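The chain contents come next:
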Amino acid sequence: MAPLLEVRNLTVAFDTPSGTVHAVNDVSYTLEEGETLGIVGESGSGKSVHALSMVGLIASPPGRIVGGEVLFRGRNLLTLSKRDLFEVRGREIGFVFQDPMTSLNPVLTIERQIAEPLRRHFGMSAAAARARVVELLELVGIPDAARRATQYPHEFSGGMRQRVMIAIGISCNPKLLIADEATTALDVTVQAQILDLVRDLKRRIGTTVIWITHDMGVVAGLADTVQVMYGGRIMERGPVRPVFHDPRSAYTWGLLKSLPHGGKRGINRLYQIPGTPPDMSKPPVGDPFAPRNPFATPRCFEQVPPLVDVVGSEPGHKVAAWYDLKADLAKQEVQP
Ligand SMILES: Nc1ncnc2c1ncn2[C@@H]1O[C@H](COP(=O)(O)OP(=O)(O)O)[C@@H](O)[C@H]1O
Ligand SMILES: [Mg+2]
(Lines give C-alpha, C1' and ligand atoms only; values in the text may rest on other atoms or scores of the structure.)
(Ligands and ions follow the chains in the order given, each with its own letter.)
Protein backbone atom coordinates (compact mmCIF):
# COMPACT_ATOMS: atom_id res chain seq x y z
CA MET A 1 0.00 0.00 0.00
CA ALA A 2 1.26 3.49 -0.82
CA PRO A 3 2.17 5.60 2.22
CA LEU A 4 -0.35 8.21 3.35
CA LEU A 5 2.25 10.94 3.09
CA GLU A 6 5.48 11.09 1.18
CA VAL A 7 7.70 14.14 1.54
CA ARG A 8 10.43 14.36 -1.08
CA ASN A 9 13.34 16.81 -0.86
CA LEU A 10 11.24 19.54 0.72
CA THR A 11 13.26 22.77 0.82
CA VAL A 12 11.87 26.05 2.15
CA ALA A 13 13.50 29.47 2.49
CA PHE A 14 12.56 32.94 3.71
CA ASP A 15 13.74 36.03 1.91
CA THR A 16 14.43 38.58 4.62
CA PRO A 17 16.13 41.99 4.59
CA SER A 18 19.18 40.41 6.22
CA GLY A 19 19.42 37.58 3.68
CA THR A 20 17.90 34.22 2.83
CA VAL A 21 16.97 32.01 5.78
CA HIS A 22 17.32 28.34 4.82
CA ALA A 23 14.64 27.00 7.15
CA VAL A 24 14.03 23.52 5.72
CA ASN A 25 16.67 21.72 3.69
CA ASP A 26 16.09 18.63 1.59
CA VAL A 27 13.70 16.86 3.96
CA SER A 28 12.40 13.47 2.75
CA TYR A 29 10.38 10.87 4.63
CA THR A 30 7.28 8.70 4.39
CA LEU A 31 4.42 8.24 6.81
CA GLU A 32 2.23 5.15 6.77
CA GLU A 33 -1.46 5.19 7.46
CA GLY A 34 -2.12 4.85 11.20
CA GLU A 35 1.47 5.72 12.15
CA THR A 36 2.32 8.33 14.79
CA LEU A 37 5.41 10.33 13.90
CA GLY A 38 7.06 12.45 16.57
CA ILE A 39 9.21 15.27 15.24
CA VAL A 40 11.67 16.68 17.76
CA GLY A 41 14.46 19.24 17.81
CA GLU A 42 15.38 22.49 19.50
CA SER A 43 13.61 25.71 18.66
CA GLY A 44 14.55 26.94 15.18
CA SER A 45 15.15 23.46 13.73
CA GLY A 46 12.57 23.90 10.98
CA LYS A 47 9.85 21.69 12.48
CA SER A 48 7.00 24.19 12.17
CA VAL A 49 8.04 25.61 8.82
CA HIS A 50 8.23 22.10 7.38
CA ALA A 51 4.68 21.33 8.56
CA LEU A 52 3.16 24.66 7.56
CA SER A 53 4.73 24.66 4.12
CA MET A 54 3.34 21.19 3.36
CA VAL A 55 -0.19 22.52 3.47
CA GLY A 56 0.34 25.98 2.03
CA LEU A 57 0.23 27.86 5.33
CA ILE A 58 3.52 29.66 5.02
CA ALA A 59 3.29 33.38 4.36
CA SER A 60 4.69 34.06 0.92
CA PRO A 61 6.54 36.39 0.76
CA PRO A 62 8.74 36.11 2.77
CA GLY A 63 8.41 32.30 2.60
CA ARG A 64 9.27 30.39 -0.56
CA ILE A 65 9.13 26.68 -1.41
CA VAL A 66 12.45 26.19 -3.12
CA GLY A 67 11.77 22.64 -4.19
CA GLY A 68 10.37 19.23 -3.41
CA GLU A 69 7.12 17.33 -3.45
CA VAL A 70 4.59 16.51 -0.74
CA LEU A 71 2.48 13.58 -1.87
CA PHE A 72 -0.62 13.14 0.26
CA ARG A 73 -2.73 10.17 -0.84
CA GLY A 74 -0.92 10.40 -4.13
CA ARG A 75 -1.52 14.11 -4.84
CA ASN A 76 1.26 16.69 -4.68
CA LEU A 77 0.04 19.27 -2.19
CA LEU A 78 2.64 21.78 -3.35
CA THR A 79 1.04 22.11 -6.78
CA LEU A 80 -2.62 22.08 -5.74
CA SER A 81 -4.71 25.19 -6.36
CA LYS A 82 -5.49 27.37 -3.31
CA ARG A 83 -9.05 26.12 -3.46
CA ASP A 84 -8.14 22.42 -3.52
CA LEU A 85 -5.65 22.93 -0.73
CA PHE A 86 -8.31 24.65 1.34
CA GLU A 87 -10.53 21.59 0.85
CA VAL A 88 -7.74 19.20 1.87
CA ARG A 89 -7.04 21.24 5.00
CA GLY A 90 -10.64 21.29 6.09
CA ARG A 91 -11.52 17.71 5.32
CA GLU A 92 -8.46 15.50 5.29
CA ILE A 93 -5.75 17.17 7.33
CA GLY A 94 -6.48 18.62 10.77
CA PHE A 95 -4.22 20.94 12.75
CA VAL A 96 -3.62 21.75 16.38
CA PHE A 97 -1.26 24.59 17.11
CA GLN A 98 0.27 25.98 20.26
CA ASP A 99 -1.34 28.90 22.01
CA PRO A 100 -5.11 28.53 21.64
CA MET A 101 -5.57 32.01 23.08
CA THR A 102 -4.44 33.49 19.78
CA SER A 103 -5.88 30.72 17.58
CA LEU A 104 -9.41 30.90 19.00
CA ASN A 105 -11.55 33.92 18.20
CA PRO A 106 -12.34 35.67 21.52
CA VAL A 107 -15.68 37.11 20.37
CA LEU A 108 -17.25 33.87 19.08
CA THR A 109 -18.67 31.05 21.18
CA ILE A 110 -16.87 27.73 21.11
CA GLU A 111 -19.83 26.25 19.28
CA ARG A 112 -19.65 28.81 16.47
CA GLN A 113 -15.93 28.18 16.01
CA ILE A 114 -16.21 24.42 15.79
CA ALA A 115 -19.44 24.39 13.79
CA GLU A 116 -18.35 26.88 11.14
CA PRO A 117 -15.90 24.57 9.27
CA LEU A 118 -18.37 21.68 9.57
CA ARG A 119 -21.08 23.69 7.88
CA ARG A 120 -18.69 25.05 5.26
CA HIS A 121 -16.91 21.82 4.35
CA PHE A 122 -19.68 19.28 4.88
CA GLY A 123 -22.79 21.40 4.35
CA MET A 124 -24.17 20.36 7.73
CA SER A 125 -27.40 21.94 8.95
CA ALA A 126 -27.18 24.17 12.03
CA ALA A 127 -28.81 21.48 14.17
CA ALA A 128 -26.55 18.71 12.89
CA ALA A 129 -23.45 20.85 13.39
CA ARG A 130 -24.55 21.70 16.94
CA ALA A 131 -24.99 18.02 17.78
CA ARG A 132 -21.59 17.22 16.32
CA VAL A 133 -19.97 20.03 18.35
CA VAL A 134 -21.32 18.56 21.58
CA GLU A 135 -20.18 15.10 20.53
CA LEU A 136 -16.67 16.43 19.77
CA LEU A 137 -16.41 18.30 23.07
CA GLU A 138 -17.39 15.11 24.89
CA LEU A 139 -14.86 13.16 22.87
CA VAL A 140 -12.02 15.46 24.00
CA GLY A 141 -13.15 15.16 27.62
CA ILE A 142 -14.88 18.48 28.24
CA PRO A 143 -17.54 17.93 30.92
CA ASP A 144 -21.00 19.44 30.57
CA ALA A 145 -20.37 19.84 26.84
CA ALA A 146 -23.77 21.20 25.77
CA ARG A 147 -23.51 24.14 28.17
CA ARG A 148 -19.80 24.70 27.63
CA ALA A 149 -20.38 24.94 23.86
CA THR A 150 -22.26 28.20 24.35
CA GLN A 151 -19.37 29.81 26.25
CA TYR A 152 -16.49 32.00 25.02
CA PRO A 153 -12.78 31.08 24.98
CA HIS A 154 -11.95 33.24 28.04
CA GLU A 155 -14.33 31.11 30.11
CA PHE A 156 -12.09 28.07 29.54
CA SER A 157 -8.81 27.20 31.29
CA GLY A 158 -5.64 26.77 29.21
CA GLY A 159 -5.99 22.99 29.24
CA MET A 160 -9.65 23.16 28.27
CA ARG A 161 -8.89 25.59 25.43
CA GLN A 162 -6.26 23.20 24.13
CA ARG A 163 -8.89 20.44 24.17
CA VAL A 164 -11.15 22.71 22.14
CA MET A 165 -8.32 23.13 19.63
CA ILE A 166 -7.99 19.37 19.40
CA ALA A 167 -11.75 19.11 18.90
CA ILE A 168 -11.43 21.54 15.98
CA GLY A 169 -8.44 19.62 14.62
CA ILE A 170 -10.32 16.32 14.57
CA SER A 171 -13.78 17.71 13.73
CA CYS A 172 -13.60 16.55 10.11
CA ASN A 173 -12.30 13.07 11.09
CA PRO A 174 -9.00 13.87 9.40
CA LYS A 175 -6.85 11.21 7.79
CA LEU A 176 -3.88 13.12 9.17
CA LEU A 177 -3.66 15.22 12.32
CA ILE A 178 -0.69 17.58 12.64
CA ALA A 179 -0.10 18.91 16.15
CA ASP A 180 2.60 21.54 16.62
CA GLU A 181 3.71 22.10 20.24
CA ALA A 182 0.11 21.39 21.17
CA THR A 183 0.86 20.70 24.83
CA THR A 184 3.91 22.89 25.32
CA ALA A 185 2.18 25.66 27.26
CA LEU A 186 0.34 23.27 29.57
CA ASP A 187 1.31 21.91 32.95
CA VAL A 188 2.50 18.33 33.18
CA THR A 189 -0.80 16.87 34.42
CA VAL A 190 -2.89 18.46 31.69
CA GLN A 191 -0.24 17.51 29.14
CA ALA A 192 -0.49 13.87 30.23
CA GLN A 193 -4.28 14.00 29.94
CA ILE A 194 -4.09 15.38 26.41
CA LEU A 195 -1.57 12.75 25.35
CA ASP A 196 -3.92 10.07 26.75
CA LEU A 197 -6.67 11.65 24.75
CA VAL A 198 -4.66 11.47 21.53
CA ARG A 199 -3.85 7.80 22.13
CA ASP A 200 -7.52 7.15 22.74
CA LEU A 201 -8.53 8.98 19.55
CA LYS A 202 -6.05 7.00 17.55
CA ARG A 203 -7.55 3.82 18.88
CA ARG A 204 -11.07 4.95 18.15
CA ILE A 205 -10.77 6.69 14.80
CA GLY A 206 -7.38 5.47 13.58
CA THR A 207 -5.99 8.91 12.73
CA THR A 208 -2.43 9.18 11.47
CA VAL A 209 -0.57 11.74 13.58
CA ILE A 210 2.43 14.05 13.22
CA TRP A 211 3.26 15.30 16.71
CA ILE A 212 5.78 18.14 16.72
CA THR A 213 7.51 19.03 19.97
CA HIS A 214 10.86 20.17 21.34
CA ASP A 215 10.37 17.64 24.17
CA MET A 216 11.88 14.17 23.64
CA GLY A 217 9.99 12.91 26.69
CA VAL A 218 6.59 13.58 25.11
CA VAL A 219 7.51 11.65 21.99
CA ALA A 220 8.71 8.58 23.88
CA GLY A 221 5.25 7.68 25.09
CA LEU A 222 3.26 8.65 22.04
CA ALA A 223 5.09 8.03 18.79
CA ASP A 224 5.86 4.93 16.75
CA THR A 225 8.58 6.74 14.83
CA VAL A 226 10.83 9.61 15.94
CA GLN A 227 12.36 12.10 13.57
CA VAL A 228 15.04 14.38 14.95
CA MET A 229 15.50 17.67 13.10
CA TYR A 230 18.26 20.24 13.29
CA GLY A 231 19.25 23.08 10.99
CA GLY A 232 16.25 22.30 8.79
CA ARG A 233 17.46 18.73 8.20
CA ILE A 234 16.61 15.26 9.45
CA MET A 235 19.53 14.16 11.63
CA GLU A 236 18.13 10.80 12.70
CA ARG A 237 14.93 8.89 12.29
CA GLY A 238 13.56 5.51 13.25
CA PRO A 239 11.33 3.45 15.53
CA VAL A 240 11.22 4.92 19.05
CA ARG A 241 13.11 2.07 20.73
CA PRO A 242 16.40 2.13 18.80
CA VAL A 243 16.46 5.92 18.52
CA PHE A 244 16.10 6.30 22.29
CA HIS A 245 18.28 3.37 23.34
CA ASP A 246 20.88 3.31 20.59
CA PRO A 247 21.06 6.83 19.12
CA ARG A 248 23.61 7.30 16.34
CA SER A 249 23.43 11.06 15.92
CA ALA A 250 25.38 13.13 18.44
CA TYR A 251 22.49 15.59 18.34
CA THR A 252 19.94 12.96 19.38
CA TRP A 253 22.38 11.76 22.04
CA GLY A 254 22.64 15.33 23.37
CA LEU A 255 18.87 15.77 23.45
CA LEU A 256 18.49 12.49 25.35
CA LYS A 257 21.23 13.44 27.82
CA SER A 258 19.41 16.68 28.55
CA LEU A 259 16.23 14.87 29.57
CA PRO A 260 15.62 14.78 33.33
CA HIS A 261 17.00 11.48 34.71
CA GLY A 262 18.85 11.04 31.43
CA GLY A 263 22.24 9.44 31.18
CA LYS A 264 23.14 5.87 31.93
CA ARG A 265 25.02 6.68 35.12
CA GLY A 266 22.05 8.32 36.77
CA ILE A 267 23.39 11.81 36.30
CA ASN A 268 20.90 14.11 37.94
CA ARG A 269 22.33 17.45 36.91
CA LEU A 270 20.77 18.53 33.67
CA TYR A 271 23.08 18.34 30.70
CA GLN A 272 22.82 21.06 28.09
CA ILE A 273 24.06 20.73 24.54
CA PRO A 274 26.88 23.28 24.36
CA GLY A 275 26.61 26.19 21.95
CA THR A 276 23.59 27.61 20.17
CA PRO A 277 21.57 26.54 17.13
CA PRO A 278 22.93 27.75 13.81
CA ASP A 279 21.97 31.02 12.21
CA MET A 280 20.13 29.70 9.18
CA SER A 281 20.80 32.84 7.19
CA LYS A 282 24.44 31.66 7.20
CA PRO A 283 24.04 27.87 7.16
CA PRO A 284 27.20 25.85 7.73
CA VAL A 285 28.74 24.11 4.74
CA GLY A 286 28.67 20.59 6.13
CA ASP A 287 26.73 18.91 8.91
CA PRO A 288 24.83 21.75 10.63
CA PHE A 289 25.51 20.23 14.07
CA ALA A 290 29.29 19.93 13.53
CA PRO A 291 30.24 23.15 15.39
CA ARG A 292 28.53 21.83 18.56
CA ASN A 293 29.45 18.20 18.15
CA PRO A 294 32.31 16.84 20.33
CA PHE A 295 32.59 13.84 17.97
CA ALA A 296 32.81 15.84 14.73
CA THR A 297 35.45 14.84 12.20
CA PRO A 298 37.00 17.20 9.60
CA ARG A 299 34.61 15.85 6.97
CA CYS A 300 31.61 17.02 9.07
CA PHE A 301 32.67 20.61 8.41
CA GLU A 302 32.95 20.08 4.67
CA GLN A 303 30.09 17.93 3.42
CA VAL A 304 26.47 17.37 4.39
CA PRO A 305 26.06 13.73 5.43
CA PRO A 306 23.23 11.82 3.70
CA LEU A 307 20.52 10.12 5.76
CA VAL A 308 21.34 6.41 5.52
CA ASP A 309 20.30 3.14 7.17
CA VAL A 310 22.08 2.37 10.43
CA VAL A 311 23.97 -0.89 10.01
CA GLY A 312 23.13 -3.40 12.71
CA SER A 313 20.04 -1.63 14.05
CA GLU A 314 16.32 -2.12 13.53
CA PRO A 315 14.81 -1.60 10.07
CA GLY A 316 13.91 2.02 9.44
CA HIS A 317 16.61 3.42 11.76
CA LYS A 318 18.50 6.05 9.76
CA VAL A 319 21.14 8.59 10.62
CA ALA A 320 22.94 11.47 8.91
CA ALA A 321 26.46 11.41 10.36
CA TRP A 322 30.02 11.06 9.09
CA TYR A 323 31.29 10.01 12.52
CA ASP A 324 30.56 6.71 14.28
CA LEU A 325 28.87 7.68 17.55
CA LYS A 326 28.65 4.13 18.86
CA ALA A 327 32.38 3.53 18.41
CA ASP A 328 33.27 6.98 19.81
CA LEU A 329 31.16 6.41 22.93
CA ALA A 330 32.70 2.97 23.44
CA LYS A 331 36.18 4.55 23.37
CA GLN A 332 35.09 7.13 25.98
CA GLU A 333 33.90 4.35 28.31
CA VAL A 334 37.37 2.79 28.57
CA GLN A 335 39.10 6.09 29.31
CA PRO A 336 39.71 6.90 32.99
N1 LIG B 1 8.39 34.31 8.78
C2 LIG B 1 9.68 34.03 8.88
N3 LIG B 1 10.63 34.84 8.38
C4 LIG B 1 11.94 34.55 8.44
N5 LIG B 1 12.43 33.44 9.03
C6 LIG B 1 11.55 32.58 9.56
C7 LIG B 1 10.14 32.81 9.52
N8 LIG B 1 9.51 31.77 10.13
C9 LIG B 1 10.50 30.94 10.54
N10 LIG B 1 11.72 31.40 10.19
C11 LIG B 1 13.03 30.76 10.45
O12 LIG B 1 12.98 29.44 9.98
C13 LIG B 1 13.76 28.59 10.80
C14 LIG B 1 12.92 27.42 11.24
O15 LIG B 1 11.89 27.86 12.12
P16 LIG B 1 10.76 26.94 12.72
O17 LIG B 1 10.30 25.99 11.69
O18 LIG B 1 9.75 27.84 13.32
O19 LIG B 1 11.54 26.15 13.85
P20 LIG B 1 10.93 25.18 14.98
O21 LIG B 1 9.48 24.99 14.71
O22 LIG B 1 11.74 23.92 14.84
O23 LIG B 1 11.20 25.88 16.26
C24 LIG B 1 14.27 29.45 11.94
O25 LIG B 1 15.59 29.84 11.64
C26 LIG B 1 13.33 30.64 11.92
O27 LIG B 1 13.98 31.79 12.41
MG1 LIG C 1 7.90 25.49 15.97
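This structure is a prediction, so every number in the text was calculated from the model and none was measured.

1. With respect to the sheet that holds strand β5 (residues 75-76)
Okay, so step 1: Taken in spatial order, the 4 strands make up an open sheet running β2-β1-β4-β5, and their pairing is antiparallel. Across the chains shown, the open sheet's two edge strands, defined by having one partner strand only, are β2 (19-31) and β5.
Okay, so step 2: Both strand β4 (residues 63-72) and β5 contribute to a ladder of 2 bridges, which runs antiparallel. Directly across from L71, in β5, lies its bridge partner N76.
Okay, so step 3: Across the sheet, helix α1 (residues 47-54) is in contact with β1 (5-16), β2 and β4; its angle to β1 comes to roughly 110°.

2. Observations concerning the layout of surface pockets
Okay, so step 1: Within this model, the second largest pocket holds a volume of roughly 560 Å³.
Okay, so step 2: What lines the second largest pocket is a set of 25 residues, and nearest its centre among them are R89, F95, P117, R120 and I168.
Okay, so step 3: Those elements that place two or more of their residues in the lining of the second largest pocket are α2 (82-91), β6 (93-97), α4 (110-122) and α7 (158-170).
Okay, so step 4: A per-class count over the lining of the second largest pocket returns 14 nonpolar, 7 polar and 4 charged.

3. So, empty space enclosed by the protein
Okay, so step 1: As enumerated under the stated definition, the model contains 2 cavities of 30 Å³ or more in all.
Okay, so step 2: Taken as a whole, the largest cavity spans an internal volume of roughly 40 Å³.
Okay, so step 3: Lining the largest cavity are A250, W253, G254, Y271, I273, P274, F289, R292 and P294.
Okay, so step 4: By residue class, the composition of the lining of the largest cavity is 7 nonpolar, 1 polar and 1 charged.

4. Remarks on the packing of α4 against helix α5 (residues 126-139)
Packed helix pairs are characterised by how far apart their axes lie and by the angle those axes make with each other.
Okay, so step 1: In the contact formed by α4 and α5, the axes pass within 9 Å of each other and the chain directions differ by 120°. Comparing their axes, α5 and α4 come out oblique. Along this stretch, α4 crosses α5, giving a crossing that reads as right-handed. Note on element contacts: α5 touches α4 through A126, A129, R130, R132, V133, L136 and L137, opposite I110, E111, I114, A115, L118 and R119.

5. A closer look at the pattern of salt bridges
Okay, so step 1: Within this structure, the stated rule accounts for 21 salt bridges.
Okay, so step 2: Note that R147 and D144 form a salt bridge whose closest N and O atoms lie 2.5 Å from each other.
Okay, so step 3: For R147, a relative accessible area of 44% translates into the label partly exposed.
Okay, so step 4: Of the residues examined, D144 reaches a relative accessible area of 44% and is grouped as partly exposed.
Okay, so step 5: Here the salt bridges do not stand alone but share partners, grouping E6, R8 and E69 into one network.

6. Let's talk about the domain arrangement of the protein chain
Okay, so step 1: With domains assigned, the protein chain is organised as domain 1 (1-92 + 175-336) and domain 2 (103-171).
Okay, so step 2: Each of domain 1 and domain 2 has a C-alpha centre, and these two points are 31 Å apart.
Okay, so step 3: Contacts between the two partners involve 13 residues from domain 1 and, on the opposite side, 12 residues from domain 2.
Okay, so step 4: Overall, the association of domain 1 and domain 2 removes approximately 1200 Å² of surface from exposure, summing both partners, and the carbon and sulfur fraction of that is 70%.
Okay, so step 5: Among the residues of domain 1 in contact with domain 2, R91, L197 and L201 are the three that bury the most area, contributing 34% of the side total.
Okay, so step 6: Seen at the junction of domain 1 and domain 2, the total is 3 residue pairs in polar contact (both at pLDDT 80 or more).
Okay, so step 7: Listed by contribution, the elements that provide at least two residues to the side of domain 1 that touches domain 2 are α2 and α8 (188-205).

Parameters and conventions
- Residues numbered from 1 in each chain as written.
- Chains lettered and ligands numbered in written order.
- Predicted model: local features only at pLDDT ≥ 70, side-chain atom pairs only at ≥ 80, totals over all residues.
- Heavy atoms only, no water.
- Pairing = 2+ DSSP bridges.
- Helix = DSSP H or I, 4+ residues; strand = E, 2+ residues; numbered from the N terminus.
- Contact = heavy atoms within 4.5 Å.
- Axes fitted to C-alpha atoms, helices over the stretch in contact; angles between N-to-C directions.
- 1 Å grid on protein atoms, 1.4 Å probe; cavity = no way out; pocket = protein on both sides within 12 Å on 5 of 7 lines; lining within 4 Å.
- Points joined across faces, edges and corners; volume = space filled by probe spheres on them.
- Nonpolar A, V, L, I, M, F, W, Y, C, P; charged D, E, K, R; others polar.
- Parallel < 35°, antiparallel > 145°, perpendicular 65-115°, else oblique.
- Left-handed = near helix turned anticlockwise from the far one by under 90°.
- Salt bridge = Lys/Arg side-chain N within 4 Å of Asp/Glu carboxyl O.
- Buried < 20%, exposed > 50% of the residue type's maximum accessible area, 1.4 Å probe, protein only.
- Domains from an automatic or database assignment.
- Buried area = accessible area lost by both parts, 1.4 Å probe.
- Polar contact = N/O pair within 3.5 Å; in protein donor to acceptor, adjacent residues only side chain to side chain.

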